[in-house]
Amino acid sequence: MALTITEECINCDVCEPQCPNTAIYMGEEIYEINPSLCTECVGHFDEPQCIVFCPVECIEVHPEHQESQETLLKKFQKLAGLTEA
Ligand code: SF4
Ligand code: SF4
């Protein structure tokens, strides 16, 4: 699953440096997550770091990007350059 940031985000800047995949960026009004880069931290950490650090709990599963653990692991391997495709 990729995660998404809801409008409750207070732009506190805490999550962005915690993301191992640089998937979090400042959008037009609040921080946003690039679903192509978010592995839900699979391959890096046991828990999604943005959720762990967000003080207002405004990060949730993206309804249109629900992926299995296997898919997330493959995404991580691709992003890390461990596989060809
Ligand atoms: Fe980044 Fe992990 Fe949060 Fe996805 S779950 S946005 S990879 S910190
Ligand atoms: Fe927004 Fe939470 Fe990230 Fe802070 S940690 S910028 S409130 S999503």
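Because the structure is a prediction, the values reported are computed rather than measured. (Residues numbered from 1 in each chain as written. Chains lettered and ligands numbered in written order. Predicted model: local features only at pLDDT ≥ 70, side-chain atom pairs only at ≥ 80, totals over all residues. Heavy atoms only, no water.)

Around ligand 1, the structure places L3, C19, P20, N21, I24, I33, C38, T39, E40, C41, P48 and C50. In the shell around ligand 1, the residues fall into nine nonpolar, two polar and one charged. (Near = heavy atom within 4 Å. Nonpolar A, V, L, I, M, F, W, Y, C, P; charged D, E, K, R; others polar.)

Let's shift gears to the nonpolar core. One finds I5, I24, I33 and I59 to be the most contacted residues of the largest nonpolar core, which totals 16 residues. Secondary structure elements with two or more residues in this core: β1 (3-5) and β3 (31-33). (Core = buried A, V, L, I, M, F, W, Y, C linked by side-chain atoms within 4.5 Å. Buried < 20%, exposed > 50% of the residue type's maximum accessible area, 1.4 Å probe, protein only. Helix = DSSP H or I, 4+ residues; strand = E, 2+ residues; numbered from the N terminus.)

As a further point, take the environment of I30. Of note, I30 is situated in the loop between β2 (24-26) and β3. Accessibility expressed as a relative area gives 19% for I30, which makes it buried. Expressed as a C-alpha distance, the spacing of I30 and C9, which sit 21 residues apart in the sequence, is 6.3 Å. In contact with I30, not counting residues within four places along its chain, are I5, T6, E7, C9, N11 and Y25. (Contact = heavy atoms within 4.5 Å.)

With that settled, consider the environment of V14. By secondary structure assignment, the location of V14 is in the loop between β1 and β2. For V14, a relative accessible area of 29% puts it in the partly exposed group. Spatially, the C-alpha atom of V14 lies 12 Å from that of I59, the residues being 45 residues apart in sequence.

Let us look at helix α2 (residues 69-79). Of all the positions in α2, only L72, K75 and F76 are classed as buried. The buried residues of α2 occupy one face: seen down the axis, they fall within an arc of 100 degrees. In α2, those exposed residues whose orientation departs by more than 90 degrees from the buried face are E70, K74 and K78. (Arc of directions from axis to C-beta.)

With glycine set apart, most residues show a phi of negative sign, and most peptide bonds adopt trans. One non-glycine residue, C41, adopts positive backbone phi at about 70 degrees. The topology assignment puts C41 in the loop between β3 and α1 (49-53). Assessed through its relative accessible area of 7%, C41 is described here as buried. Of note in the backbone geometry, E57 takes a positive phi value of approximately 50 degrees without being a glycine.

Now for the side chain of K75. Note that K75 resides in helix α2. For K75, the contacting residues outside a window of four places in its chain are A2, P35, S36, C38, T39 and E67.

This part is about the pattern of salt bridges. Tallied over the entire structure, the rule returns two salt bridges. Between E67 and K75 there is a salt bridge, and its shortest N-O distance comes to 3.2 Å. Taking the relative accessible area as the measure of exposure, E67 reaches 22% and is therefore partly exposed. The shortest N-O distance in the salt bridge between E70 and K74 comes to 3.6 Å. Placement of the pair is E70 and K74 together in helix α2, with a separation of four residues, close to one helical turn. Owing to a relative accessible area of 53%, E70 belongs among the exposed residues under this scheme. Classification of K74 by relative accessible area gives exposed; the value is 52%. (Salt bridge = Lys/Arg side-chain N within 4 Å of Asp/Glu carboxyl O.)

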